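Coordinates in review
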Amino acid sequence: MKKFGLKAWLYLLPAILFLVVFMVYPLIDVVIYSFEEGFTTTSQTATGVGIGNFSTVLRDPYFIQALKNTFVLVAITVPVSTGLALLISLGLSSIKKLREFFQTVYFLPYVTNTLAVGLVFMMLFNKNESSGSVGMINTFIRFFGGPTIDFINGPYWAKMLVLCLYTVWIVLPFKILILTSALASVKKDYYNAAKVDGTSKFRTFTHITLPMISPMLFYLFITGFIGAFKAYSDAVALFGTKLNEAGMNTIVGYVYDKLYGDSGGYPSYASAAALILFFIILTITVINLIVRNKLTYKGGGGRA
Amino acid sequence: MKVTLDGVTKIFPPHSKKESPVTAVSNFNLEIPDGKLVALLGPSGCGKSTLLNIICGLESPTSGSVLFDQNDVTKLPPEKRGVGMVFQNYALYPHMSARKNILFPLGNLKGKAKLTKEEKNRRMLDAARIVQIENLLERKPGNMSGGQQQRVAIARALVKYPGILLLDEPLSNLDARLRLETREEIRRIQKNTGITTVFVTHDQEEAMSISDIIVLMKKGVFQQSGKPQNVYDNPANLFVAKFLGTPAINVFKGKIENAKVFIGDEPVADVPGCENRDVYVGIRPEGLIPDKNGPLTCSFKSIDVLGRDYMIVASHGAAETSVIRAITDSENKIEDNPETVRFSFKKNKFFVFDAKTEERIYLG
Ligand SMILES: Nc1ncnc2c1ncn2[C@@H]1O[C@H](COP(=O)(O)OP(=O)(O)O)[C@@H](O)[C@H]1O
Ligand SMILES: [Mg+2]
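In this text, all values refer to a predicted model and were calculated from it rather than measured experimentally. (Residues numbered from 1 in each chain as written. Chains lettered and ligands numbered in written order. Predicted model: local features only at pLDDT ≥ 70, side-chain atom pairs only at ≥ 80, totals over all residues. Heavy atoms only, no water.)

Take the overall build of chain B next. Within chain B, the secondary structure is distributed over 8 helices and 21 strands. Per-residue burial for chain B yields a buried fraction of 52% across its 364 residues. Expressed as a percentage of contacts within chain B between residues at least 6 apart in sequence, the contacts between residues at least 24 apart total 65%. Only carbon and sulfur atoms are counted for the fraction: they give 48% of the accessible area of chain B, which is about 16,800 Å². In chain B, 50 side chains carry a positive charge and 43 a negative one; their mean positions are 8 Å apart. (Helix = DSSP H or I, 4+ residues; strand = E, 2+ residues; numbered from the N terminus. Buried < 20%, exposed > 50% of the residue type's maximum accessible area, 1.4 Å probe, protein only. Contact = heavy atoms within 4.5 Å. Areas by Shrake-Rupley, 256 points an atom, 1.4 Å probe, with all protein chains shown as cover. Lys, Arg positive; Asp, Glu negative; His and termini not counted. Charge placed at Lys NZ, Arg CZ, Asp CG, Glu CD.)

Written out as structure tokens, the structure is:
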């Protein structure tokens, strides 16, 4: 028994070493950095230890902007993308013909490079009158007599709209994939039983389908929240790397800027911001899990 | 409610080009009298579930019609037929307690049929009382035994006062002891409610023991129906004779010559009025009586005591199976470990079937 345990640890050693070097050590380092005051990449020494970095970050208008952007993004894209994915999955599971074809079509964005999708979005929403390359959306608005809008360099709400649309578009395929298989796993007998009892389509959906797929829905909510809080590349793909100036920065973007951006060289500020993000995600996830345990049916069919 | 099936046929179209269409039910005619417990019996895959689904409306027949009393319901969707259905795996909603499961069908009633909360609760409790699960109402299906789940499923089917109760293999998910108990339970519930009940099974003992009428089918085709004992005593063909009874009937290859039936080369009985042809001879285990002067000679293999009765295991070259069995009471003693054992036949336990059509041509 003891020998076997030793062997097991030996097998695990490479993985453990890898984790310690690339995960545990940096994590500890981040915590240390975040409490070292006055440390910069040029000075390389700290002037003291305290929570100064946190208060500086929390008073930084760019951070507040990034925080606000991230929350707006999370609050809009997570419910919208999950709801939309559910609608599309329901549609997909109710058709018979061409179902596989549509499943493939909906899955395509998942295997497409985010930057490429970003480029396409920029072209769609473009309003560059001088170069004459007006995007399809603005051509459309103009066709109906509306004023053209600069979605890429224009008002905040327009930029946020594009960012949200983009994010939803990017995360949709995975959610559709998960939900179509969740829907397919609901046994047909439940629907037959409901049908024999004259259950309406709506009641069947709210009382049978939804509870049955609720574990998967919550999984998507939790991972969706985490993913959206960590958003960064989406904003870069649309608005470039100067996100602070564009007013479209996210928390992860802020962390990057504090490290390597034009305002970079402050690993302490970056670490503090990263820790703040960590605690936000932790809190939201814990809340999610509590709600999930209250609401969802926890599987486990009958036993004979 | 009386149920009439008139020439019901169900052909499933092929799923792909390589497959051919499946005829699950073929020109099925049947009348199910009001208030009876009817067992639909046949081997797996013979179309029992399909037929049940056609009665309840989940499947529509390719041709033929279904009548409830005098009304043609062939085109009616299941919810308009007023049937209660218990599915093979019960299909209880796993996220709802037994109480909510039973209440669920009542929540679908709309307009004039809509019930008050008190009325719903009263009917739910009535149904729970009939199947004796009043003390399990707050449990979810996952925390109930198979037998308990099955009762909840029956209560859920009964709560809307259906005209017909349909059960698809209601006992197949239960262990042996529970199966015995539960089949008596189904019998009791059916007697108490007087509701016309059709239940599907592939277990002949189950069908024989509790039903008023058994209906046998094979590969989608109706074989025979009637009171269990009548069908057992008067099988219309070899399939029915083989399907009913444990141990199974002994079947021998034989022939008829000059109004005598032969098993192998031995003439074993007179069959007046039968033409010469190849036949199968079927003899029930209880129809073989050890008899020193009997016409059928078999090689002795072993003897098992079954309490009051005992079973002789023997073999015969013309038998379809490697062993033949005779069940007899201890009055017909045979000597210890003989080489051979001879049998004579009990009246009404001896059947002759045409080798080609497998129809019964003689009962002796
Ligand atoms: N939806 C279906 N599509 C195609 N074939 C089916 C379908 N349902 C049943 N069958 C076929 O019909 C035959 C009868 O099936 P079923 O009624 O389930 O038999 P049983 O209940 O007696 O075991 C089987 O050969 C089965 O494969
Ligand atoms: Mg079946």
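Next comes the rest of the description.
So, about the site of ligand 1. Residues and elements named next belong to chain B. In the vicinity of ligand 1, the contacting residues are Phe12, His15, Val22, Ala24, Pro43, Ser44, Gly45, Cys46, Gly47, Lys48, Ser49 and Thr50. Note that an oxygen atom of ligand 1 is positioned 3.1 Å from one of the backbone N or O atoms of Gly47. Between ligand 1 and Lys48, the relevant distance is 2.9 Å, taken from an oxygen atom to a main-chain nitrogen or oxygen of the residue. Protein contacts shield 65% of the accessible area of ligand 1, which totals 560 Å² for the unbound molecule. Listing elements by their share of the shell around ligand 1, those giving two or more residues are strand 2 (22–32) and helix 1 (48–56). Considering only residue class, the shell around ligand 1 consists of 5 nonpolar, 6 polar and 1 charged. (Near = heavy atom within 4 Å. Polar contact = N/O pair within 3.5 Å; in protein donor to acceptor, adjacent residues only side chain to side chain. Nonpolar A, V, L, I, M, F, W, Y, C, P; charged D, E, K, R; others polar.)

All names here are of chain A. Along the chain, Phe205 falls in helix 9 (residues 201–229). Measuring from C-alpha to C-alpha, the distance between Phe205 and Tyr191 comes to 9.6 Å, with 14 residues separating the pair along the chain. For Phe205, the residues in contact, after removing those within four places along its chain, are Leu86, Leu90, Leu210 and Pro211.

By the definition in use, this model includes 19 salt bridges over all chains. Ionic pairing is found between Asp197 of chain A and Lys160 of chain B, a salt bridge with its closest N-O pair at 2.7 Å. You can see Asp197 of chain A sitting in the loop between helix 8 (188–196) and helix 9 and its partner Lys160 of chain B sitting in the loop between helix 4 (146–158) and strand 7 (164–168), one on each of two chains. Each of the two residues, Asp197 of chain A as well as Lys160 of chain B, counts as buried. (Salt bridge = Lys/Arg side-chain N within 4 Å of Asp/Glu carboxyl O.)

For a regular strand, side chains alternate in direction, first toward one face of the sheet and then toward the other. All names here are of chain B. Pairing of strand 9 (residues 213–218) with strand 10 (residues 221–226) involves 5 bridges; the strand directions are antiparallel. Within strand 10, the position partnered with Val215 by the bridge is Ser225. As consecutive antiparallel partners, strand 9 and strand 10 are separated by 2 residues, and within that stretch Lys219 has a phi angle of approximately 45°, a positive value. (Pairing = 2+ DSSP bridges.)

The subject of this paragraph is the nonpolar core. With 54 residues, the main nonpolar core has Leu5, Phe28 and Leu166 of chain B as its most contacted residues. A per-element tally of this core places helix 7 (residues 156–184) of chain A first, with 6 residues. Dropping the residues within four chain positions of it, Phe28 of chain B is found in contact with Leu5, Asp6, Gly7, Val8, Leu51, Val215, Met217, Gly220, Val221 and Phe222 of chain B. Within the second largest apolar cluster, 44 residues are counted, among which are Ile102, Ile133, Leu136 and Phe239 of chain B. (Core = buried A, V, L, I, M, F, W, Y, C linked by side-chain atoms within 4.5 Å.)

Residues and elements named next belong to chain B. Pairing is mixed in the open sheet, where 6 strands are placed in the order 6-7-8-3-9-10. Only two strands of the sheet have a single neighbouring strand rather than two, namely strand 6 (83–86) and strand 10. Put simply, the sheet's adjacent strands are angled 15° from each other on average, direction ignored. Sheet topology places strand 7 next to strand 8 (residues 196–201); 5 bridges connect them, and they run parallel. Bridge assignment links Asp168 to a residue of strand 8, and that residue is Val200. Relative to the sheet, helix 4 contacts strand 6 and strand 7, its axis offset from that of strand 6 by approximately 165°. (Axes fitted to C-alpha atoms, helices over the stretch in contact; angles between N-to-C directions.)

To continue, consider a positive patch on the surface. A cluster of basic residues, Lys96, Lys188, Lys195 and Lys201 of chain A, forms a positive patch on the protein surface. As for its placement among the helices and strands, Lys188 of chain A is situated in helix 8. (Patch = residues over 30% accessible without salt bridge, like charges linked within 9 Å, V, L, I, M, F, W, Y side chains within 5 Å.)

Most of the time, phi is negative for any residue but glycine, and the peptide bond is trans. Residue and element names in this part refer to chain B. With an omega of -10°, the peptide bond running from Thr246 to Pro247 counts as cis. Along the chain, Pro247 turns up in the loop between helix 8 (238–243) and strand 11 (250–257). Positioned with a positive phi, Lys219 is a non-glycine residue whose angle comes to about 45°. Mapped onto the elements, Lys219 comes out in the loop between strand 9 and strand 10. Here the phi dihedral of Glu358 falls at roughly 65°; this positive angle occurs in a residue that is not glycine. Locating Glu358 in the fold gives a position in the loop between strand 20 (350–354) and strand 21 (360–363).

Worth remembering: the numbers are spatial, not functional.
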